[in-house]
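Per-entry structural report
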Amino acid sequence: MEVETVLDLLHLYPRRIHDRTAVTSLADLEIGEETTVFGTVVRTMSRLTKQRKRMVVATVEHGDARLEVTFFNQPWREKQLATGTEVAMFGKVETFAGKVRMTNPIVDVIGAAGEARTGRIVAVYPQSSKAELSTWEIAPAVARALEFAGEIYDPLDAAVRGPLRLVDRTTALHDVHRPETTEEHRQAERRLRFDEFLVAQVGLVARKRALAAAEIGIRHVIDGPLVDEFLDRLPFAVTADQTRAIAEIRADLARPAPMHRLLQGDVGSGKTVVALAAMLVAVEGGYQAALMAPTAVLAEQLYAVARRTYGDLVPGAPGENLLGETTSGVRLLTNRTSAKERAEIAAGLGEGTVHIVIGTHALLHGESPFTNLGLVVIDEHHRFGVEQRDVLKQRAGALVPDVLVMTATPIPRTAALLVYGDLDISVLEAMPTGRQAVGTDVLVRDTSETARAYARVRTEVAAGHQAFVVCPLVEGSEKIEAKAATARAEELRTGELEGLRIGLLHGQMPAADKEAVMEAFRARELDVLVATTVIEVGVDVPNATVMVIEDAQRFGLAQLHQLRGRVGRGGGESWCYLIADTATQDAAARMEAMAETTDGFVLAERDLEIRGSGQVFGERQSGQRVDRHLRLARLPRDEKYVGFARATAEAILDGDPGLADHRPLAEEVEDLLGDDVEYLFKS
Ligand code: ADP
Ligand code: MG
């Protein structure tokens, strides 16, 4: 069960506790009510119903009263509920043929046959059939671990705990496992939840302070005229939010502490303009800037925008030199860039003729070509994992570049605080005018309903617009996904979308082909782009007005929202069709949320509710470890703890900046956040 140490065992919290005295006695059951009952199995039998379904009937006894419990299609219950087994069951009380009974209740086996349980409160542990461990085997092991551990270190003294009404840690760890009352258990959980947030906050606050204090950043000169010139020539007026974000970034750049800012703005909110402006500030002040995107397709698109909108503002006029080489102050660097061009870029950076490089993470790998890097912008930051940390590690020796990370995956505020506690945040809330809410319809897979989606594609194409068809996600295999997409494109060509000009884009295509297809789509030489999730991020083709997502149930909410953000960009009415199998409750909830709102923030909150905080950040997320560390705490339910934990962390660090008097706490933080923070507490 991945329990290797005494501490692991203490952290293996019960899934539920049952209070034997509080549960409804069998004799007092009210028909129609949902309740927990407690008892011992006295008889179990299994038979087939007339419809040939397997039915297991167990009779449970408590005192003098009996209850009949029926399970359909759960043949294994016969073995689980052997005579003598002690169980707690939650379900609805019914009567049937004069007998009181429950059907398919939730069952916790709390004791083996033949062993008498004692004690008022019974803890039910996550049982592991793989490890062949049952709850009554885990409980005594935990009891021994508690005894062994004795008094447990508490970073919070009574003076801090008092106002927060938190019990001490020794009590909390004891009572979470072996409470005398349910109230004790509740208090124990409160404290442990608080601690989960506290440890993360101590690390995040300490890191933020260390960076701010170190004066290892660059003081950019920020008052040149280029940004205004750039903004003036845009074909639209920047929004108030964009203006504010640019001002916040400018102020950060002027400070000696390295900027570490998150620019959060929903899909289509116009983050690119802000990023370009920020880079221009750095360049004008004499530094180099890099913009990193998660995919080559996106890097190319950003590069095209930069060249078009301000290629000539950046010093180093675009053109060709006598040798026929490209010259420009703005260059593109991906893993497709030839060695010759790379050398050219590096030379240009050295000579001061190249100032901005836009690319994929190829930018940061190998030898950095930058001689004077002042600003790093990371687009669609949630798609990166450790790379972001790598950027920060470049601090060694020279001055640390300022870092701006951008994400469209909206993160609820408290979650942002939890995961990115060390970041400042700028938000683009208002959408640029001209953006349209995308009408969203959920169509049931394998029914005639789906024809509506393709009919819409045809009418839109007839009206001069374009469409995306997104093929099903195949988790874990880009190869299979690519193959399926290829087959699907072929089907559409000869089927639903016959006669239209159809292009295909998937992750397994050579980069040059991908680029060619994107270019053709942008140039309107293709009507429909059949694609895998490679188009999920950043792709900006305002003429596209319809998106069809096939097997939409396979995608997460964040992903669906990102995908849908590819349409509705041109000011025309737009549609998104989710062709889905909504058989599971979870899938149905996701589709419903998509149909209901286009607000990314609301969707993120909904996502959190549907999935629990455990998975929201996804495995690519740098906050992963922080999040996995939440065993008892759940967002958004426990939001209120985050603020308190942060204030407590700040107070602890105010009094003891290096945690010299809180060594065990420092170790907990290091355990959680890894090498990233080790240096903070070394002194
Ligand atoms: P995202 O935040 O998703 O990266 P982009 O920066 O790609 O969004 O912007 C989406 C689209 O909106 C682009 O076509 C961009 O040119 C346009 N845009 C950006 N800012 C504005 C604005 N203030 N007014 C109108 N259109 C804008
Ligand atoms: Mg973008």
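The following paragraphs examine the structure supplied in this document. (Residues numbered from 1 in each chain as written. Chains lettered and ligands numbered in written order. Predicted model: local features only at pLDDT ≥ 70, side-chain atom pairs only at ≥ 80, totals over all residues. Heavy atoms only, no water.)

What to know about the site of ligand 1
Note the following rule: If a single non-hydrogen atom of a residue is within 4 Å of a molecule or strand, that residue counts as near it. Contacts described as polar in this section are N or O atom pairs within 3.5 Å, which, within protein, must combine one atom able to donate a hydrogen with one able to accept it, while residues neighboring in sequence count only if both atoms come from side chains. Only the protein chains shown count as covering a residue, and every accessible area follows the Shrake-Rupley method with a 1.4 Å probe. Note on residue classes: Ala, Val, Leu, Ile, Met, Phe, Trp, Tyr, Cys and Pro are nonpolar, Asp, Glu, Lys and Arg are charged, and everything else, Gly too, is polar.
Residues in contact with ligand 1 amount to 15 residues; listed here are only the nearest, A237, G268, K271, T272 and D540. G270 is positioned with one of its backbone polar atoms (N or O) 3.1 Å from an oxygen atom of ligand 1. The separation between an oxygen atom of ligand 1 and a polar side-chain atom of K271 is 2.7 Å. Isolated, ligand 1 exposes 560 Å² of accessible area, and the fraction of that covered by the protein chains is 84%. Considering only residue class, the shell around ligand 1 consists of five nonpolar, six polar and four charged.

A closer look at the sheet that holds strand β8 (residues 106-111)
What counts is decided by this rule: Pairing between strands is defined by DSSP: at least two bridges between the two strands are required. What counts as a helix is a DSSP run of H or I of at least four residues, what counts as a strand is a run of E of at least two, and both are numbered from the N terminus. Where helices are involved, their axes are fitted lines through C-alpha atoms of the stretch in contact, as for all axes, and angles between N-to-C directions lie from 0 to 180°.
Read across the sheet, seven strands follow the order β6-β7-β4-β3-β2-β5-β8 without closing on themselves; strand pairing throughout is mixed. Each edge of the sheet is formed by a strand with only one pairing partner; in this case those strands are β6 (94-96) and β8. For this sheet, the mean angle separating the axes of adjacent strands, direction not counted, is 45°. Bridge count between strand β2 (residues 34-48) and strand β5 (residues 86-92): seven bridges; the pairing is antiparallel.

A word on the nonpolar core
In plain terms, the rule: Buried residues of nine kinds, namely Ala, Val, Leu, Ile, Met, Phe, Trp, Tyr and Cys, make up a nonpolar core once their side-chain atoms join them within 4.5 Å. Each residue's exposure class comes from its accessible area (1.4 Å probe, protein chains only) as a fraction of the maximum for that residue type: buried when under 20%, exposed when over 50%, partly exposed otherwise. When checking whether two residues touch, look at their non-hydrogen atoms; a contact exists if any pair is within 4.5 Å.
Residues F230, M279, Y310, I356 and L375 are the most contacted members of the largest nonpolar core, which totals 42 residues. The element that contributes the greatest number of residues to this core is helix α9 (residues 271-284), accounting for eleven residues. Aside from chain neighbours lying at most four places away, what touches L375 is L253, M259, A278, M279, A282, Q288, A289, A290, P401, D402, V403 and L404. With 33 residues, the next largest nonpolar core counts L529, I549, L560 and L563 among its residues.

So, helix α15 (residues 478-494)
For clarity, the threshold we go by: The length a helix should cover is 1.5 Å for every residue beyond the first. It is the directions from the helix axis to the C-beta atoms whose arc is reported.
Taking 1.5 Å of rise per residue, 17 residues should cover 24 Å, and α15 covers 25 Å from first to last C-alpha, within 8% of that figure. All of the buried residues in α15 are E481, A482, A485, R488, A489 and L492. Projected down its long axis, α15 shows its buried positions confined to an angular sector of 125°, all on one face. Seen from the buried face of α15, the exposed residues on the opposite side, beyond 90 degrees, are K479, K483 and T494. Each element contacted by the buried residues of α15 is listed here: α14 (451-462), β20 (466-470), β21 (502-505) and β22 (528-531).

Geometric values such as these leave the question of function open.
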